[in-house]
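# Reading the structure
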Amino acid sequence: MTDLTMEPTTDDDVVLLTVPADGGYLSVLRTATAGLAARLHFALDEIEDLRIAVDEACAMLLAIAPRGADLECRFSVTDDALTVQVSVPTVRGAKLPSESSFAWKVLTALTTAASAGAANGKATITLLTRRTGF
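Computed from a predicted model, the values in this text were never measured in an experiment.

### Looking at the confidence of the model for the protein chain
Looking at the protein chain, the pLDDT average stands at 88 and 90% of residues meet or exceed 70. Across residues 1–9, confidence stays below pLDDT 50; counting only partners more than four residues off in sequence or on other chains, it has 29 contacts.

Spelled out as C-alpha cells, the structure:
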C-alpha cells in the first residue's frame, strides 16, 4: 500500500456523498468524481482514469457490503489533487481483493496512489490522484 499523505483541507474542500450500496447508484459517484476533477483542471484522460478507478473501487466494496447498506464517498480537494475515500459496512468475514489482484492493478495504474483497510465492520478504499504538470 502507498502512503496517501495529502495537504490539509478545510470543510469547504470536502464533499460527502452517501448512496445506497447498489450498482445502479454508481453513476452518481462517477459524475461527482468527474465534476470535481474538472474543477481542478485535470486533463480529460486523467478525469476518465479517475472515474474508472472510483467505479472499480466501488465494485470491490459492493461485493462485500451487506444488503441494504449505504456506500459513503468522501472527496477531499486540494490545489493539485483529489482524494476519494469510499467505504461500506461489511458482512462478517468479508475481505477485499489482494494487492496482487487484477482489480488492484487497475486502481494503482489509474491513480497516483491507492490503499485499503478494514476496521470495526467497515471497509474503505482511498484513491489519490494528483494533477500532472502542476
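### Section: the packing of helix 1 (residues 26–39) against helix 2 (residues 44–62)
Direction vectors running N to C along helix 1 and helix 2 enclose 145 degrees, while the axes themselves pass 9 Å from each other. The crossing of helix 1 and helix 2 is right-handed. Facing Leu 26, Leu 29, Arg 30, Thr 31, Thr 33, Ala 34, Ala 37 and Ala 38 of helix 1, the residues of helix 2 in contact are Ile 47, Leu 50, Arg 51, Val 54, Asp 55, Cys 58 and Leu 62. Residues that form the contact of helix 1 with helix 2 fall into these classes: 10 nonpolar, 2 polar and 3 charged.

Rules used in this analysis
- Residues numbered from 1 in each chain as written.
- Predicted model: local features only at pLDDT ≥ 70, side-chain atom pairs only at ≥ 80, totals over all residues.
- Heavy atoms only, no water.
- pLDDT = per-residue confidence, 0-100.
- Contact = heavy atoms within 4.5 Å.
- Axes fitted to C-alpha atoms, helices over the stretch in contact; angles between N-to-C directions.
- Helix = DSSP H or I, 4+ residues; strand = E, 2+ residues; numbered from the N terminus.
- Left-handed = near helix turned anticlockwise from the far one by under 90°.
- Nonpolar A, V, L, I, M, F, W, Y, C, P; charged D, E, K, R; others polar.

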